[in-house]
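Chains, contacts and geometry: an overview
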Amino acid sequence: MDSLLGLKLKNDVTTAYGLTIIPALTIMEERHLALLAKHGITPDSLVYVEHSRDSKLRRESGAGKQDAAVRQAVKASKALFAKMQETRKIPVMELRDEVLPIVQQAAEAPDVFGLFESIKAKDDYTYEHNIGVGVLATLIGKWMNLNETELSVLAMAATLHDVGKVRIPTEILNKPGKLTSEEYAIVKQHTVIGYEMLKGATGLNGRVALVALQHHERSDGGGYPLGLTGEQIDPLSRIVAVADVFHAMSSRRPYHEPLPFYDTLNQMRQGKFGFFDPQIVSIFLENMVGRMVGRKVVLTDGRSGEVVYLNPHSLERPLVRLEDGFIDLSKVIDVHILRVSI
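Going by what an unreviewed UniProt entry lists, the protein chain is known as HD-GYP domain-containing protein (C-di-GMP phosphodiesterase class II) and is assigned to Paenibacillus methanolicus.

In structure tokens, the structure reads:
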């Protein structure tokens, strides 16, 4: 929470009874964080503005540390996955010591959009994806109020969800073009392979293996490998499925560039990547979009502005303040949010 110190509140902070406990434009100090904790208010759910150079430097410094930590986790993940290929064993203790603390700490980041930028895959997709999905799934789990034990299992399961790919030929995984039906069938085997690798690993919760098996299942039975539906799919697998697709679509991959922000959100909500648990999708998208108020955004027509109001009937299409006025994206069908600035 140190990264919030020195930032200025955009709006009044009120209790559930409407009592203002911290007025707008207050510069955050330790005593304010303590006051928020006393009233059960999460500091990272609030909106801040930055006017001082010190605040900007503090945010940039925090982002730099976050980027470095994520790179460290990716490097450790790559080394450990190579070890799995060689030994055919899961290095549980090394994962818990070298990777999971970084995944869990990253999920505590107050700046969600800065976090998304840090974990996007850019160069080494396979290993960046493992860490990105681990962080995103843990973040969703926190928004769903999972207890600490479940969050720990979820973080491990999400980080290992694609472990079966260590036995899929690299030339297929990194193929720049569209896979043939035969190649796709081989890739799909990673779910069963991962399950077999994890189910007998000493020191791992059994749900970790289930996530490896089920993270491509879909609520309507349209997924693989078993065509499970609804409650047949473990809740942690349903969380990882959402994190997996969001990270994949917003990252650079061998065969496609990242999708624009609005496109990823719309396609997830419309089930274009398969039918996910609607409650998990809603919690993820609403928590993410709800943090856009006060953020700078770039629109698809090239203009930049600041999100000032969320449309409750179409959260992805807010009211944006431009240099020369306002634009209500809920009433303009051909302009969208291309990206959120960090």
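Before going further, it helps to examine the packing of helix α3 (residues 92-106) against helix α6 (residues 148-159). The geometry of α3 relative to α6 is characterised by a closest axis approach of 10 Å and an angle of 105° between their N-to-C directions. By the angle between their directions, the pair α3 and α6 is classed as roughly perpendicular. Contact residues: α3 offers Val92, Leu95, Arg96, Val99, Leu100, Val103 and Gln104, while α6 offers Ser152, Ala155, Met156 and Thr159. Split into classes, the residues belonging to the contact of α3 with α6 amount to seven nonpolar, three polar and one charged.

The next subject is helix α4 (residues 112-119). Burial runs high along α4: seven of the eight residues are buried. Taken as a whole, α4 has its buried residues at Val112, Phe113, Gly114, Leu115, Phe116, Ser118 and Ile119.

Mapped onto the elements, Leu100 comes out in helix α3. Note on Leu100: relative accessible area 7%, which makes it buried. Once the C-alpha coordinates of Leu100 and Met156 are considered, the two residues, 56 residues apart in sequence, prove to be 6.8 Å apart. With sequence-adjacent residues up to four places away left out, Leu100 is seen in contact with Leu95, Ala155, Met156 and Thr159.

If a probe the size of a water molecule is rolled over the atoms, the empty space left behind becomes visible. This structure, assessed with the given rule, holds one cavity of 30 Å³ or more. The volume enclosed by the largest cavity comes to roughly 40 Å³. As for the largest cavity, its lining consists of Glu217, Arg218, Ser219, Ile233, Arg238, Ala241, Phe275, Phe276 and Asp277. A breakdown of the residues in the lining of the largest cavity according to their chemical character gives four nonpolar, one polar and four charged.

Read from one edge to the other, the open sheet built from five strands follows the order β8-β7-β6-β5-β9, with strand pairing classed as antiparallel. Taken across any chain shown, the strands that pair with only one partner, and hence form the sheet edges, are β8 (325-328) and β9 (337-340). Pairwise comparison of adjacent strand axes, ignoring direction, gives a mean angle of 40° for this sheet. When strand β6 (residues 304-309) meets strand β7 (residues 319-322), the two strands line up antiparallel, connected through three bridges. By the bridge assignment, Glu306 is partnered in β7 with Arg321.

What counts, and at which threshold
- Residues numbered from 1 in each chain as written.
- Predicted model: local features only at pLDDT ≥ 70, side-chain atom pairs only at ≥ 80, totals over all residues.
- Heavy atoms only, no water.
- Axes fitted to C-alpha atoms, helices over the stretch in contact; angles between N-to-C directions.
- Helix = DSSP H or I, 4+ residues; strand = E, 2+ residues; numbered from the N terminus.
- Parallel < 35°, antiparallel > 145°, perpendicular 65-115°, else oblique.
- Contact = heavy atoms within 4.5 Å.
- Nonpolar A, V, L, I, M, F, W, Y, C, P; charged D, E, K, R; others polar.
- Buried < 20%, exposed > 50% of the residue type's maximum accessible area, 1.4 Å probe, protein only.
- 1 Å grid on protein atoms, 1.4 Å probe; cavity = no way out; pocket = protein on both sides within 12 Å on 5 of 7 lines; lining within 4 Å.
- Points joined across faces, edges and corners; volume = space filled by probe spheres on them.
- Pairing = 2+ DSSP bridges.

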